[in-house]
Amino acid sequence: MEDIIIIGAGVSSIFFAHKLVKENNDLSIRIIDKGKPLMDRYCGLDEGLPCTCGEDCRKYIGYAGLGKSEGKFNYTNDFGGELGRKIGEEKTLKLMKEVDNTLYTFGAHKVGLYSTKNNLLAEKAENHGLEVLSTEVRHLGTQIAVDVFQGLYDKLKKHVCFTFETNITSVKPKAQSFVIETNMGTFRSKKLIVGTGKSGGKWLEKQMHNLGLQTGETRLDLGLRMEMKEDQLDPILQETFETKLRYHGQGYEATTYCMNPRGRIIRKHQNGLVMPDGQNKNEEETDSGNLNFTLFIPRYFASYNKAMEIAQYVIGGINQSNGRIIIQRLGDLYYNRPSSELSANTIMPSLYAEPGNLVGEIPDLYIRAVKEFLGKLQGLIGKPIHPDTLVYGMDAKFYEPQINTTKDFETEIRGLFLIGDCSGVTHSLSQAAASGIYVADRILKRELGP
Ligand SMILES: Cc1cc2nc3c(=O)[nH]c(=O)nc-3n(C[C@H](O)[C@H](O)[C@H](O)COP(=O)(O)OP(=O)(O)OC[C@H]3O[C@@H](n4cnc5c(N)ncnc54)[C@H](O)[C@@H]3O)c2cc1C
């Protein structure tokens, strides 16, 4: 019997385990993951080739979870989840500091910490009906992110037993402990921590159902990705290196996400859907000469299945089973006419997509939001947004359903905790990591302390 079993070897679990190991070396800890160790997580998509991973793409599954990404750690309560609301904003910022210290120790010192805060810009934006969201950032980039998480693995494996490529078939509470049945045998633990992120969504829903735990409301963000001239937003980007803007429209709230000056647009494959995604200029040798970002609108649905049904309907409809993404000139979108040839466009698309008309293919709300947001943005930058700006449909961000947990992230079953994105509370690297540290601390103090 182990003291603690953690299901999922992603960001939240790693920070959870690291905190436990740092504070108490005597605990027996096992981490079970369905994916591979970090160094074996190769997918053709990494090199622009087709994905051949099968059902579970190695880009998302395996040690470090979605930490094997651009590794942009935003230290803020303004976005990235509701951890601040659950455990207190000050506490959350303190935990994020601890996250950053750990990253720093394992190699993140190679990139600087910077702030996007700019009071002058915030004031100007407010005068034009926009809100500026600011944060401290440590942007690792994929290579440093991989090195940092590998360094953490090398340390953890001295104290933690890792079991990879394991399918967990059932989780059952039994006499104040847990029995975990897998294709690699049966494991038992006194406490069970689940950190299966978004990739474990379906699996978790099934387990929660079997355990009699209710899953509830689910958030889904849909939005259009825009690609504009690199210097289009200079009036604001000269003030800050990057910016995140929010517009409160009639019955919706739209927020810019993943702004990439001189970056490219790439294909993102998730939940069987193909979407336009942004890639930072540091990830590619070539400079696109463009700037891109998505304007996301969050919506809440009664269940996870309902949210997925809507995503399938909207994005699956665009994809037409062959990965189709639509691209439209902003000027055409304004006049509700399809775009055709783009070879004469002054802004060259950095991703091949099919020219068409978004009107009629996506809900009107997202088109209205783009028009209203860009109207405000024009006011802020003091010049029109170029009609050759490109609009790609359609990007999505998926969230886990809310599951009832206490302030300590414990479910209605004593000893069973949810950390990171699968708790429905966090949606970002920093908040997922912070939730892991928080729960480890609570368990050490409350449960295993004297
Ligand atoms: C493409 C992409 C890029 C992103 N980039 C950023 C970014 O730059 N900055 C940012 O703040 N946020 C980013 N995010 C969000 C961020 O990565 C997540 O919020 C964060 O990784 C969540 O951590 P987690 O521990 O909850 O889950 P994850 O890191 O996803 O880890 C989940 C783990 O659970 C394992 N698992 C899943 N199901 C099972 C199962 N049934 N049994 C066993 N193991 C299982 C997986 O293999 C994985 O190791 C990105 C998300 C995506 C999709």
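Residues numbered from 1 in each chain as written. Predicted model: local features only at pLDDT ≥ 70, side-chain atom pairs only at ≥ 80, totals over all residues.

Undergrad: I'd like to hear about the overall build of the protein chain, residue by residue, with values.
TA: A tally of helices and strands in the protein chain yields eleven helices and 20 strands. The C-alpha atoms of the protein chain give 22 Å as radius of gyration, which agrees with the globular expectation for 450 residues (22 Å, within 12%). Dimensions along the principal axes, computed over C-alpha positions, put the protein chain at roughly 65 × 45 × 40 Å. Here the protein chain, with 450 residues, has 45% of them falling under the buried criterion. Taking as baseline every contact in the protein chain between residues at least 6 positions apart, the subset at least 24 positions apart corresponds to 75%. (Helix = DSSP H or I, 4+ residues; strand = E, 2+ residues; numbered from the N terminus. Rg over C-alpha atoms; globule rule 2.2 N^0.38 Å. Buried ≥ 20, exposed ≤ 12 C-beta atoms within 10 Å, placed from the backbone. Contact = placed C-beta atoms within 7 Å.)

Undergrad: Report on the site of the ligand, specifying residues and quantitative values.
TA: Inspection of the region around the ligand gives 38 residues, with Gly10, Gly65, Gly197, Gly200 and Gly420 positioned closest. Secondary structure elements with two or more residues in the shell around the ligand: helix H1 (11-23), strand E3 (72-75) and helix H11 (429-447). Taken together, the residues of the shell around the ligand sort by class into eleven nonpolar, 21 polar and six charged. (Near = placed C-beta within 6 Å. Nonpolar A, V, L, I, M, F, W, Y, C, P; charged D, E, K, R; others polar.)

Undergrad: Provide a residue-level description of the environment of Tyr300, including the pertinent values.
TA: As for its placement among the helices and strands, Tyr300 is situated in strand E16 (residues 290-301). In the structure, Tyr300 is positioned 177 residues away from Glu123 in sequence and 30 Å away in space, judged by C-alpha atoms.

Undergrad: Give me the lowdown on the sheet that holds strand E13 (residues 252-261), citing residues and values where you can.
TA: Taken in spatial order, the eight strands of this open sheet run E5-E12-E13-E16-E11-E19-E17-E18, and their pairing is mixed. Strands with a single pairing partner mark the edges of an open sheet, and in this sheet they are strand E5 (131-133) and strand E18 (354-355). Pairing analysis gives four bridges linking strand E12 (residues 244-249) to E13, with the strands arranged antiparallel. Looking at the pairing, His248 lines up with Glu253 of E13. Helix H4 (residues 119-127) contacts E5 and E12 of the sheet and is inclined by roughly 145° relative to E5. Along the sheet, helix H10 (residues 364-381) makes contact with strand E11 (218-229), E12, E13, E16 and strand E19 (390-398), crossing E16 at roughly 130°. (Pairing = 2+ DSSP bridges. Axes fitted to C-alpha atoms, helices over the stretch in contact; angles between N-to-C directions.)

Undergrad: Please give an account of the domain arrangement of the protein chain that cites residues and values.
TA: Taken domain by domain, the protein chain comprises domain 1 (2-113 + 138-215 + 404-447) and domain 2 (218-398). Between the C-alpha centres of domain 1 and domain 2 the distance comes to 30 Å. Each partner contributes to the interface: domain 1 provides eleven residues, whereas domain 2 provides eight residues. Elements represented by at least two residues in the side of domain 1 that touches domain 2 include exactly helix H5 (141-156) and helix H6 (201-210). By residue class, the composition of the side of domain 1 that touches domain 2 is four nonpolar, four polar and three charged. (Domains from an automatic or database assignment.)

Undergrad: Hey, could you go over the packing of H1 against H5 for me, with residue numbers and the actual values?
TA: Where H1 meets H5, the axes come as close as 11 Å, and the angle between the chain directions of the two elements is 40°. Classified by the angle their axes make, H1 and H5 are oblique. H1 and H5 meet at a crossing whose hand is left-handed. Between H1, through Ile14, Ala17, His18 and Val21, and H5, the contact on the second element is made entirely by Phe149, Leu152 and Leu156. Residues of the contact of H1 with H5, tallied by class, amount to six nonpolar, one polar and no charged. (Parallel < 35°, antiparallel > 145°, perpendicular 65-115°, else oblique. Left-handed = near helix turned anticlockwise from the far one by under 90°.)

Undergrad: Which residues make up the sheet that holds E3, and what are the values?
TA: Reading across from one edge, E3-E6-E4 is the order of the three strands in this open sheet, with antiparallel pairing throughout. Single-partner strands in this sheet number two, and they are E3 and strand E4 (113-115). Going from strand to strand, the sheet's axes swing by 25° on average, the running direction of each strand aside. Bridge count between E4 and strand E6 (residues 136-139): three bridges; the pairing is antiparallel.

Undergrad: Which residues make up the pairing of strand E10 (residues 185-194), and what values go with them?
TA: In summary, the side chains of a regular strand alternate between the two faces of the sheet. Pairing between strand E1 (residues 2-7) and E10: five bridges, direction parallel. Note that in E10 the partner of Ile7 across the bridge is Val194. As judged from the five bridges shared by strand E9 (residues 177-182) and E10, these two strands associate in the antiparallel manner. Residue pairing across strands places Thr182 opposite Gly185, the latter belonging to E10. The hairpin formed by E9 and E10 contains two residues between the paired strands. Summarising the sheet, E10 and strand E20 (residues 416-418) pair through three bridges and their orientation is parallel. Each residue of the ladder has a partner; that of Ile193, found in E20, is Phe417.

Undergrad: Can you tell me about the environment of Val359, naming the residues and giving the values?
TA: With respect to the element layout, Val359 can be found in the loop between E18 and H10. Spatially, the C-alpha atoms of Val359 and Tyr334 are 9.8 Å apart, while their sequence positions differ by 25 residues. Residues contacting Val359, with those up to four places away along its chain left out, are Asn336 and Ile367.

Undergrad: How would you summarise the pairing of E16 if you had to cite specific residues and measurements?
TA: One ladder, built from twelve bridges, connects E11 with E16; its direction is antiparallel. Bridge assignment links Leu220 to a residue of E16, and that residue is Arg299. Sheet topology places E13 next to E16; five bridges connect them, and they run antiparallel. Across the sheet, residue Thr255 finds its bridge partner in E16, namely Phe296.

Undergrad: If you had to explain the environment of Gly10 to someone new, which residues and values would you point to?
TA: When you line up the elements, Gly10 lands in the loop between E1 and H1. Along the chain, Gly10 and Thr196 lie 186 residues apart, while their C-alpha atoms are 7.1 Å from each other.

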